[in-house]
Amino acid sequence: MKLQNHRLTFGLIIALALFPFALSWLTGEPIDSGTPKFWQGMLAQVFILAVYAVSYDLLMGYTGILSFGHALFFGAGGYTAGILLKHAAWPLWAVVLAVIVVAVILGLFIGATSLRVQGVYLTMVTLAFAQMMFVLSEATDFREWTGAEDGLQGIPVPAWLSPTQQRLMFYFVSLAFCVFSYYLVRRVTQSPTGRVFIAIRENELRARAIGYNTFLYKLLAMVASGVLAALAGMMNALWNLNANPNMLATSTTINALLMTIIGGAGTLSGPMIGAAFIHLLGYGLNTAFGPRWPLLFGLAYVGIVLFLPYGFVGAWRSLIARMKAKRA
Amino acid sequence: MPISRYREVGKICTHMTNILETVALTRDFGAFRAVDGVNLQVRQGSLHSLIGPNGAGKTTLFNCISAVLKPTAGRVRYDGRDITNMPLHRMTGLGIGRSFQITNIFNNISVIENVRLAAQARYPKQSYQFWRHADDLPEYEARAAQALAMVGLAGRERQIAALLPHGDKRKLELAILLAGDPKLLLLDEPTAGMATEQVPELMETIERIRADGNRTILLVEHNMHVVMRFSDRISVLHQGRILAEGKPDEIRSNDEVQRAYLGGGF
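Residues numbered from 1 in each chain as written. Chains lettered and ligands numbered in written order. Predicted model: local features only at pLDDT ≥ 70, side-chain atom pairs only at ≥ 80, totals over all residues. Heavy atoms only, no water.

*Asks:* Explain the overall build of chain B to me, please; I cannot follow it from the model alone.
*Replies:* When helices and strands are counted, chain B shows 10 helices and 10 strands. Taken over C-alpha atoms, the radius of gyration comes to 19 Å for chain B, in line with the 18 Å a tight globule of 266 residues would show. Expressed along its principal axes, the backbone C-alpha trace of chain B runs to roughly 65 × 40 × 35 Å. Long-range pairs, those at least 24 residues apart, make up 66% of the contacts in chain B with a sequence separation of at least 6. Carbon and sulfur atoms form 50% of the exposed surface of chain B, whose accessible area is close to 12,100 Å². Charged side chains in chain B number 33 positive and 29 negative. The centres of these two groups are separated by 5 Å. (Helix = DSSP H or I, 4+ residues; strand = E, 2+ residues; numbered from the N terminus. Rg over C-alpha atoms; globule rule 2.2 N^0.38 Å. Contact = heavy atoms within 4.5 Å. Areas by Shrake-Rupley, 256 points an atom, 1.4 Å probe, with all protein chains shown as cover. Lys, Arg positive; Asp, Glu negative; His and termini not counted. Charge placed at Lys NZ, Arg CZ, Asp CG, Glu CD.)

Below is the structure:
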């Protein structure tokens, strides 16, 4: 079972690495233009969203913290990267470090304040923080730094990573980012610490009563998921060559929630599949039905929640379990 | 010497062997005083039962002792140190294990993982190793399996805890406590909701747990047969105060207790 899972993962990674070449060969178009280039871009965005979804899964699916402020980290990563690249001309490695540091500080601050309350109160406190950042990003006082409601346009991405000029490179960097993030979160969720996260999700009072300082573990989960979301936000800003207030909007948090629930909360692979599903289905519906596609998407979402309450991966797992039970 | 002075001397003499002691412990909920100046002494190695009618304050007293609630006034002493207002998560480290009146387990994970988590919790630093696979620390799993065998749940390790029958869930709670290797167990109605014929078995398990590690047990229980048969000492709580305290025979023959609680049936 375990080995099989790994085989599937490695197979998928190799397939994704070969994908641009295969598409170029199939269509007969050069790898750096036309259809191959377009689909490299589509998948690069899926990889970035998948990391964002996985970061939310660590918080919500594993530790059971329903935060409505996750967009804050995504946006903070985007703006930190954008401002440092555009206004301070920092090298990329330093920008990555700065994004991590900013996310740790934000995670500690927001965690230390919001994790003192539980349930719907925590949801409201985190939402309030995210909304504050959203308002701040649109504030005209900082227009020269953030671009206010227009967003921070024209982020100078290093030439070797340019999503327009070096699309294949960007594709591989996004893929590596996604694989590395998945590996990281998987290690954490299977570690003694990750088991405590699950215990907190299942029954926080009991976890405390058997001796865990649950506040510290929740703080750890929030910081870790915040760092990952901020890095995803940074990658998103590099892809778009801009950072805009929409990254900090509530809809961005809802998006993480949708991807996690559709794919299956607490499964890691589920939210990644959810990210791919939402992004690709959104594209498909948009080309087929125009700008009213979210209506159709809403219907699809209702159907999934009604018929697959544990998401794609949850449904898949119970199907496997049922088949095994039948065989036995 | 007046009799009251003899009592004082007696208290001092037994003091050294009291593993748990509350001093004028009080807890208010708004204007309502649920626990009212309770002085409780639990002797090392004893099985001490706390009985009383519904609403007498038994669970509130438990919650104050085990740090689930902060007492309004009074102190809690355990093993010679003041543990009043200590955070809940430090209780296991001190050797205090607590079970709950309403079944309180980790529902959607396996039986063994429920107990393994408790074994792991005994070593807090180990639990911050986020780069190691939890299965690479087999000593906790071994310890968990041992605890499960002790309560009679061997063979059920891989089941999902939520799917266990009620009686087995109560046993699982005991195993979770046991994995933390407590010196003092606070059991809040461990037999609640169990089928009558399962109760003796569970009580025998509790007795075995006590004998096995020279442990002390403080028990809240409604089943009078169980209380009378297994207790070394009984404290009767009534309207937040201790009404009487003594050996089962003494409690049975206490007129005041009969009037307030036992209704003449014992």
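Let us keep going from here.
*Asks:* In this structure, what is going on with the pattern of salt bridges? I would like to understand it.
*Replies:* Side-chain pairs of opposite charge can arise where the charged atoms are in close proximity. Going through the model one piece at a time under the given rule, you end up with 28 salt bridges over all chains. The partner of B:Arg143 in a salt bridge is B:Asp181, and the shortest N-O contact between them spans 3.9 Å. Taken as a pair, B:Arg143 in helix α5 (residues 138-150) and B:Asp181 in the loop between α6 (166-179) and β7 (184-188) lie far apart in primary sequence, 38 residues in all. The class of B:Arg143 is partly exposed, set by a relative accessible area of 27%. Classification of B:Asp181 by relative accessible area gives partly exposed; the value is 33%. Here the residues in one salt-bridge network are A:Arg195, B:Glu113, B:Arg116 and B:Asp135, joined through shared partners. (Salt bridge = Lys/Arg side-chain N within 4 Å of Asp/Glu carboxyl O. Buried < 20%, exposed > 50% of the residue type's maximum accessible area, 1.4 Å probe, protein only.)

*Asks:* How should I be thinking about a nonpolar patch on the surface in this particular structure?
*Replies:* Residues and elements named next belong to chain A. A surface patch of nonpolar side chains, about 300 Å² in accessible area, is lined by Ile14, Leu18 and Phe21. Inspection of the secondary structure assignment puts Ile14 in helix α1 (residues 2-27). Residue Ile14 is classed as exposed on the basis of its relative accessible area, which comes to 52%. (Patch = residues over 30% accessible without salt bridge, like charges linked within 9 Å, V, L, I, M, F, W, Y side chains within 5 Å.)

*Asks:* Sorry, what's going on with the sheet that holds strand β8 (residues 216-220) of chain B here?
*Replies:* Picture the strands of a sheet paired through backbone hydrogen bonds; they go either parallel or antiparallel. Residue and element names in this part refer to chain B. Across the sheet, which stays open at both edges, the six strands sit in the order β6-β7-β8-β3-β9-β10 with mixed pairing between neighbours. If you trace the sheet from one side to the other, it starts and ends with β6 (96-98) and β10 (241-246), each paired once. Across the sheet, the mean angle from the axis of one strand to that of its neighbour is 15°, orientation sign disregarded. Sheet topology note: the strand β3 (residues 47-51)/β8 ladder contains four bridges and is parallel. When the bridges of β8 are listed, Leu50 appears paired with Val220. Each of β6 and β7 touches α6; the most contacted strand, β7, lies at about 160° to it. (Pairing = 2+ DSSP bridges. Axes fitted to C-alpha atoms, helices over the stretch in contact; angles between N-to-C directions.)

*Asks:* Just checking my understanding: could you explain the interface of chain A and chain B for this structure?
*Replies:* Many descriptions give the size of an interface as the accessible area lost when the pieces come together. Between chain A and chain B, the residue contacts involve 27 residues of the former and 32 residues of the latter. Of the roughly 2,800 Å² buried between chain A and chain B on both sides combined, carbon and sulfur atoms contribute 57%. Counting the contacts that link chain A with chain B gives three salt bridges. Across the salt bridge formed by B:Glu173 and A:Arg206, the nearest N and O atoms sit 3.8 Å from each other. Of all the secondary structure elements, the ones that give two or more residues to the side of chain A that touches chain B are α7 (167-190), α8 (192-202), α9 (204-209) and α10 (214-240) of chain A. Broken down by element, the residue count for the side of chain A that touches chain B peaks at seven residues, all from α8(A). Along the lines of polarity and charge, the residues of the side of chain A that touches chain B split into 15 nonpolar, six polar and six charged. (Buried area = accessible area lost by both parts, 1.4 Å probe. Nonpolar A, V, L, I, M, F, W, Y, C, P; charged D, E, K, R; others polar.)

*Asks:* How should I be thinking about the nonpolar core in this particular structure?
*Replies:* In a soluble, globular protein the nonpolar side chains are often hidden away together inside. Within the largest apolar cluster, 128 residues are counted, with the highest numbers of intra-cluster contacts made by A:Tyr52, B:Val115 and B:Leu172. Not counting the four nearest positions on each side in its chain, B:Val115 is found in contact with B:Ala144, B:Ala147, B:Leu148, B:Leu172, B:Ala175, B:Ile176 and B:Ala179. Counting 29 residues, the second largest nonpolar core, distinct from the first, contains B:Leu20, B:Leu25, B:Ile65 and B:Val220. (Core = buried A, V, L, I, M, F, W, Y, C linked by side-chain atoms within 4.5 Å.)

*Asks:* In this structure, what is going on with unusual backbone geometry? I would like to understand it.
*Replies:* One non-glycine residue, A:Leu241, lies in the positive phi region at around 60°. With respect to the helices, strands and loops of the structure, A:Leu241 is situated in the loop between α10 and α11 (250-263). According to the relative accessible area criterion, A:Leu241 is partly exposed, its value standing at 28%. The residue B:Glu189 is not glycine, and still its phi comes out positive at about 50°. For B:Glu189, the position within the fold is in the loop between β7 and α7 (199-212). By relative accessible area, which is 9% here, B:Glu189 ends up buried.

*Asks:* Got a minute to help me understand the pairing of strand β4 (residues 73-78) of chain B in this structure?
*Replies:* Each regular strand carries side chains that alternate between the two faces of the sheet. All names here are of chain B. Relative to β4, strand β1 (residues 18-29) runs antiparallel, the two sharing five bridges. Each residue of the ladder has a partner; that of Val23, found in β4, is Arg75. The loop that links β4 with its antiparallel partner strand β5 (residues 81-82) comprises two residues; one of these, Asp79, has a positive phi angle of about 50°.

*Asks:* What is the right way to read the packing of helix α2 (residues 34-62) of chain A against α8(A) from this model?
*Replies:* Packed helix pairs are specified by the crossing angle of their axes together with the interaxial distance, meaning the distance between the axes. Residue and element names in this part refer to chain A. Here α2 crosses α8 at 50°, and the two axes come no closer than 8 Å. Relative to α8, the element α2 is oriented oblique. Residue-level inspection shows Leu58, Gly61 and Tyr62 of α2 in contact with α8, the latter providing Phe197, Ile198 and Arg201. Across the contact of α2 with α8, the residue classes break down as four nonpolar, one polar and one charged. (Parallel < 35°, antiparallel > 145°, perpendicular 65-115°, else oblique.)

*Asks:* How should helix α4 (residues 111-121) of chain B be read in this particular structure?
*Replies:* Given 3.6 residues per turn, any residue in an α-helix points the same way as the ones three and four places further on. Within α4(B), 11 of the 11 residues are buried, which leaves it mostly tucked inside the rest of the structure. By the burial criterion, the buried members of α4(B) are B:Val111, B:Ile112, B:Glu113, B:Asn114, B:Val115, B:Arg116, B:Leu117, B:Ala118, B:Ala119, B:Gln120 and B:Ala121. Summarising the contacts, the buried residues of α4(B) are in contact with α8 of chain A together with α5 and α6 of chain B.

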